[in-house]
There are 2 protein chains.
Amino acid sequence: MSRPTPLSGFPELLPAERNAETYVIDHLRRTFELHGFASVETRAVEPLDRLAKGGEIDKEVYVLRRLHADEGGDSGLGMHFDLTVPFARYVLEHAGKLEFPFRRYQIQKVWRGERPQEGRFREFTQADIDVVARDELPFHADVEVATVMAEALSGLPVPNLHLQVNNRRLLEGFYVGLGLTDPAAAMRAVDKLDKLPRDKVGDLLRSDAGASADQAEACLRLAEIRTHDASFADRVRELGVKHELLDRGIDELVQVMDALSGLPLEGVTVTADLRIARGLDYYTGTVFETRMEGFDGLGSVCSGGRYDALASDGKTTYPGVGISLGITRMLVPLIHHGVLTSSRSVPSAVLVALVDEASRPQSNAIAQRLRARGIPTEVAASAQKYGKQIRYAERRGIPYVFFPGDPAQPDQVKDIRSGDQVDADADTWRPRDEDLRPTIVTPESAIEEQAK
Amino acid sequence: MSRPTPLSGFPELLPAERNAETYVIDHLRRTFELHGFASVETRAVEPLDRLAKGGEIDKEVYVLRRLHADEGGDSGLGMHFDLTVPFARYVLEHAGKLEFPFRRYQIQKVWRGERPQEGRFREFTQADIDVVARDELPFHADVEVATVMAEALSGLPVPNLHLQVNNRRLLEGFYVGLGLTDPAAAMRAVDKLDKLPRDKVGDLLRSDAGASADQAEACLRLAEIRTHDASFADRVRELGVKHELLDRGIDELVQVMDALSGLPLEGVTVTADLRIARGLDYYTGTVFETRMEGFDGLGSVCSGGRYDALASDGKTTYPGVGISLGITRMLVPLIHHGVLTSSRSVPSAVLVALVDEASRPQSNAIAQRLRARGIPTEVAASAQKYGKQIRYAERRGIPYVFFPGDPAQPDQVKDIRSGDQVDADADTWRPRDEDLRPTIVTPESAIEEQAK
């Protein structure tokens, strides 16, 4: 069979790149679990009617057909295009066996039949956290979801992340308090500030949301408020609008910002950004978006908010709040631009050299002693000259080569980067801690390493 | 929307059950990485022609169609039904960027549109390891793959596993040495010993493989040889057949058995079982199957072997050897029979109680001090009476409840299983090591726990 070519929109990683992805996934998982979020996986497919919103499927869903199906027809199943729809179904299906409030994380692939472009994929991995309750979900869940995701984003080997928070109640209360009768139209207009200049959005507010020139100006001034702490509240109040819903929205956003601004975050800035509305999504309170510095074209890489009804079976309603991180959307552009990879293509910290093929059992035994102490180790594939075995390690990024000794001479280990070679006992020698796992390589860290 | 019902063949786990699955996956991954196997993930879909063997697709493949596709036609993509076909494609596609011999593990879901039944699923997770080389792969790779998978199976929270090893060269050499002209037909007949009585298989050997009564008897006696070490070799030689290929097969199987019988395995027995032929699969040397005790109906849960050509692009051939473990096939029947789960539905080892809603920040701060030392912790969802908060922990299987003190009284922690309550400092107190993560619960471990 001929050499295969890549499928557009279905990114695949080389082993060293995959190490960077698993590093990120492990970091997320560890953070979510430290906060007591339970792991859930749902099946990859849902019945088509579950994937529909209001009777219609607006996403580019992949439908499944069994190749050998008698009828030749569709299976009635589509591949999930996000993790929210399947999670809502999981909650309804298993409600009797779950404890509420239910706090779960879910890291899985999703599929969309979209036209591929930078940062848009047909298969991609998402990491979602949600808290869902029966009937009522206290507001502190919004604060919790925000802080857990902010901690999870902190320290990732990616460019600076800008987490933007807003509150739809605040927007709606402001618009209604201002005298506008169609707050949803106002939100839709303001949401276009990304793409349109200020005066065009002002035009839209007047034409679509029925605003006067003063009202439109007030909406725009609200949308321009951005603070890194709870001080946005004073600036909103300076605009002089009063409404009960506005007060509640301000109070909620203050709580989220107070909690977030108290966190020791690394590489994550948090902004109360009163322009964020999350388009047409069905959020009702807190909303989140996240931009990655230097990659504005990707749009938001981590978004979410509060739903009054994440799920409902007609009798019981399950409100929820959650955030979804686009792992592939965030990492694959970095990997493809060569600004993220790892130091090696194998987990091995050590290559045990081979004196000759007959002594493979001795080399295996050394490897097992190292593995018994948690040191990933492989044995050379063939008994080439030592220079070639060292090259074998080098090509894979393995930092140490262990040379079996003989009765007259102890075993030795060489750090092939420095060339240092010392006597070593496989029961006690350890690599440097930072060499135990592949190191994540970013352009900054590569430059730092060279400067040493 | 109404309460959803399960989709047959698409198993989903509750959180406590999912903990058992992640425990197993983490154990496998740790073992594979300790041996230096690199992690690879391939996309979920392959072009249909890649999924065909000899021009035909004999598996029940799911084909993808874009719901909003203009033409309404198939995408030409099918979901992968195993991890071997996509791995072979990955090797060909990325050959120029991989280092050979290439040793990888791959833990992913696969899909088959089969009729669901016990142990047969439409979506299931597999864990594969393979070693693949360019042009030539030394035999020690067979030994390595066998020992790594045996170690990975060792200590899993499942019934005893019986790893059975054989060698196709040994079988072929024996049949040819015996004077049979169609060794493949003989292999197919012997492979039926699972389902047919001895004399019926004898009949088949005579009718389909052209064996005389004595030859058929020799084939059956070979198939009855089973040893836990390399002593099978003497018993094969006692049958008096001589052939070069037989000698090579015996020598290879001796090497595998010598390596396996030297491993300190827990819950895994290894047998050289000369009946195993792996049906019609394209194996050429070593073959593996694995039975789980008490679950014979599942068939083999972990199988594989040596391919002379895992992949080929016409110019270069890539021989390989690998084993595939059916994680879902092994675990879901245990979970559904109630013989495998975990001690809790959340990762949390500690629930921090809430004095009242106003003091949530203090409880959060205690939780953060515990998390900072790697202790998964959650804070009570509401400030109910302490009895109710303890019940909240109990329902989730959280072993400890931490009670915030006040200036007059230190914080305290209660082990809610024993009722013991002691003063505790969130910067130094630790749960028992075995309480840090959910404990895997098997019927045996549950009985042991009760006996304490």
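Residues numbered from 1 in each chain as written. Chains lettered and ligands numbered in written order. Predicted model: local features only at pLDDT ≥ 70, side-chain atom pairs only at ≥ 80, totals over all residues. Heavy atoms only, no water.

**Quick word on the relation of the copies chain A and chain B**
Using the following cut-off: Superposing the copies works by least squares over the C-alpha atoms of residues that have pLDDT at least 70 in both of them. A contact between two residues is defined here by any heavy atoms of the two lying within 4.5 Å.
Expressed as a screw operation, the relation of chain A to chain B combines 0.0 Å of axial shift with a rotation of 180°, fitting to an RMSD of 0.0 Å. Between the two chains, the operation in question is that of a two-fold axis. The position closest to the rotation axis in chain A is occupied by the C-alpha of Leu64(A), lying 2.5 Å away. When the interface residues of chain A are mapped onto chain B, 100% of them again fall at the interface, so both copies present the same face.

**As for the interface of chain A and chain B**
The criterion, for reference: Two parts lose some accessible area (1.4 Å probe) when they are put together, and adding that loss for both gives the buried area. Whenever a carboxyl oxygen of Asp or Glu lies within 4 Å of a side-chain nitrogen of Lys or Arg, that contact is scored as a salt bridge. Within 3.5 Å is the distance limit for a polar contact, defined as a pair of N or O atoms, with the added protein rule that one can donate a hydrogen and the other accept it, and that residues adjacent in sequence qualify only through two side-chain atoms. Each helix is a run of DSSP H or I of at least 4 residues and each strand a run of E of at least 2, with the numbering of both proceeding from the N terminus. Under the convention adopted here, Pro, Cys and the residues Ala, Val, Leu, Ile, Met, Phe, Trp and Tyr are nonpolar, Asp, Glu, Lys and Arg are charged, and Gly plus all remaining residues are polar. Strands qualify as paired when DSSP identifies two bridges or more between them.
If you look at the interface, chain A gives 87 residues, while chain B gives 88 residues. Carbon and sulfur atoms make up 52% of the area that chain A and chain B hide from each other, which totals about 7,800 Å². The interface formed by chain A and chain B holds 14 salt bridges in total. Taken together, the links from chain A to chain B amount to 46 residue pairs in polar contact (both at pLDDT 80 or more). At seven residues, the largest contribution of residues to the side of chain A that touches chain B is made by helix H1 (residues 15-34) of chain A. Residues belonging to the side of chain A that touches chain B are distributed by class as follows: 36 nonpolar, 19 polar and 32 charged. The pairing of strand E3 (residues 62-66) of chain A with strand E3 (residues 62-66) of chain B spans five bridges and is antiparallel. Residue Leu64(A) lies in a different strand from E3(B), and its bridge partner there is Leu64(B).

**Some details on the sheet that holds strand E11 (residues 302-312) of chain A**
Residues and elements named next belong to chain A. In plain terms, the rule: Each axis is a line fitted through C-alpha atoms, taken for helices only over the stretch in contact, and angles between the N-to-C directions span 0 to 180 degrees.
Across the sheet, which stays open at both edges, the nine strands sit in the order E1-E5-E6-E12-E11-E10-E7-E9-E8 with mixed pairing between neighbours. Where the open sheet ends on each side, the last strands, each with one partner, are strand E1 (38-39) and strand E8 (226-227). Running at roughly 35° to E11, helix H3 (residues 84-94) makes contact with strand E5 (102-111), strand E6 (123-132), E11 and strand E12 (317-326) of the sheet.

**Let's talk about the side chain of Asn166(A)**
All names here are of chain A. Selection rule: Burial classes: relative accessible area under 20% of the type maximum marks a residue as buried, over 50% as exposed, and values in between as partly exposed (1.4 Å probe, protein chains only).
You can see Asn166 is positioned in strand E7 (residues 161-167). Assessed through its relative accessible area of 0%, Asn166 is described here as buried. For Asn166, the side chain forms a polar contact with the main-chain oxygen of Leu274, separated by 3.2 Å. For Asn166, the side chain forms a polar contact with the main-chain oxygen of Ile276, separated by 2.8 Å. Sequence-distant contacts of Asn166, defined by excluding residues within four places in its chain, comprise Leu171, Leu253, Asp273, Leu274, Arg275, Ile276, Gly285, Thr286 and Val287.

**As for the packing of aromatic side chains**
Two descriptors summarise a pair of aromatic rings, namely the distance from one centre to the other and the angle between the planes of the rings. Under the convention used in this document: Two rings belonging to Phe, Tyr or Trp (six-membered ring only in the last case) form a pair when the distance between their centres is within 6.5 Å. Interplanar angles under 30 degrees mark stacking, angles over 60 mark edge-to-face geometry, and anything in between is tilted. Our definition puts a charge over a ring when NZ of Lys or CZ of Arg is within 6 Å of the ring centre and also within 35 degrees of the ring normal.
Evaluation of the coordinates by the stated rule reveals 17 aromatic pairs over all chains. Relative to Tyr105(B), the ring of Phe32(B) has its centre 5.5 Å away and its plane inclined at 45°; by these criteria the two rings are tilted. Residue Phe32(B) is located in helix H1 (residues 15-34), and its partner Tyr105(B) is located in strand E5 (residues 102-111); the two are separated by 73 residues in the primary sequence. Residue Tyr105(B) is classed as buried on the basis of its relative accessible area, which comes to 4%. Connected via pairs of aromatic rings, a cluster forms that spans Tyr400(A), Phe402(A) and Trp429(A). Taking the ring centre of Phe87(A) as reference, the NZ or CZ of Arg104(A) above it sits at 3.7 Å. When the ring centre of Tyr392(A) is taken as origin, the NZ or CZ atom of Arg396(A), which lies over that ring, is 3.5 Å away.

**A word on unusual backbone geometry**
Residues and elements named next belong to chain A. Each neighbour pair has its own omega, and for Phe100 with Pro101 the value is -5°, a cis peptide bond. By the element assignment, Pro101 lies in the loop between H3 and E5. Even without being a glycine, Asp135 presents a positive backbone phi close to 70°. Structurally, Asp135 can be placed in the loop between E6 and helix H4 (140-153).

**Describing H3(A)**
Judged by how many residues are buried, H3(A) sits mostly within the fold: 11 of 11 residues are covered. The set of residues buried in H3(A) consists of Thr84(A), Val85(A), Pro86(A), Phe87(A), Ala88(A), Arg89(A), Tyr90(A), Val91(A), Leu92(A), Glu93(A) and His94(A).

**Structural notes on the UniProt feature "binding site: L-histidine" (unreviewed entry) in chain A**
Residue and element names in this part refer to chain A. Put simply, the rule reads: UniProt positions are given in the numbering used here, feature names are shortened, and annotations may be inferred rather than shown by experiment.
This chain's UniProt record puts "binding site: L-histidine" (unreviewed entry) on Asp82, Leu83, Thr84, Arg112, Gln126, Asp130, Arg278, Tyr282 and Tyr283. By secondary structure assignment, the location of Asp82 is in the loop between strand E4 (74-79) and H3. With residues near it in sequence (within four places) discarded, Asp82 still touches Val110, Arg112 and Gln126. One polar contact links the side chain of Asp82 to the main-chain amide nitrogen of Thr84, over a distance of 3.2 Å. Here Gln126 falls in the buried class, since its relative accessible area comes to 10%. Ignoring sequence-local partners within four residues, the contact set of Gln126 consists of Asp82, Leu83, Gln106, Ile107, Gln108, Val110, Ser324, Leu325 and Ile327.

**Quick word on the domain arrangement of chain A**
The cut-off we apply is this: Each domain's extent is set by a domain assignment, obtained either automatically or from a database.
Domains assigned within chain A are domain 1 (15-341) and domain 2 (348-436). Once you take the C-alpha centre of each, domain 1 of chain A and domain 2 of chain A turn out to be 48 Å apart.

**As for the pairing of strand E9 (residues 268-273) of chain B**
Residue and element names in this part refer to chain B. Most of E9 sits inside the fold, with five of its six residues counted as buried. By the bridge criterion, five bridges tie strand E7 (residues 161-167) to E9 in an arrangement that is parallel. Directly across from Leu161, in E9, lies its bridge partner Val268.

**Overview of helix H12 (residues 360-371) of chain A**
Selection criterion: Expected span, for any helix, means 1.5 Å times one less than how many residues it has. Directions drawn from the helix axis to the C-beta atoms are what define this arc.
Along its 12 residues, H12(A) runs 16 Å from first to last C-alpha, staying within 8% of the 16 Å computed at 1.5 Å per residue. Taken as a whole, H12(A) has its buried residues at Arg360(A), Ser363(A), Ile366(A), Ala367(A), Leu370(A) and Arg371(A). Projected down its long axis, H12(A) carries its buried residues within an arc of 140°, all on one side. Tucked into the core, H12(A) has its buried residues touching strand E14 (350-352), strand E15 (377-379) and strand E16 (400-403) of chain A together with H1 and helix H4 (140-153) of chain B.

**Some points on the pattern of salt bridges**
All names here are of chain A. Evaluation of the coordinates by the stated rule reveals 70 salt bridges over all chains. Here Arg275 makes a salt bridge to Asp194, at a shortest N to O gap of 2.9 Å. A residue pair is termed long-range when its members are at least 10 positions apart, and Arg275 in the loop between strand E9 (268-273) and strand E10 (286-292) and Asp194 in the loop between helix H6 (183-190) and helix H7 (198-209) qualify at 81 residues. For Arg226, the salt bridge goes to Asp273, with nearest N and O atoms at 3.6 Å. In this pair, Arg226 is assigned in strand E8 and Asp273 in strand E9, connecting sequence segments 47 residues apart. Taken together, the shared-partner salt bridges in this structure form one network comprising Asp194, Arg226, Asp273, Arg275, Arg278, Glu289 and Arg291.

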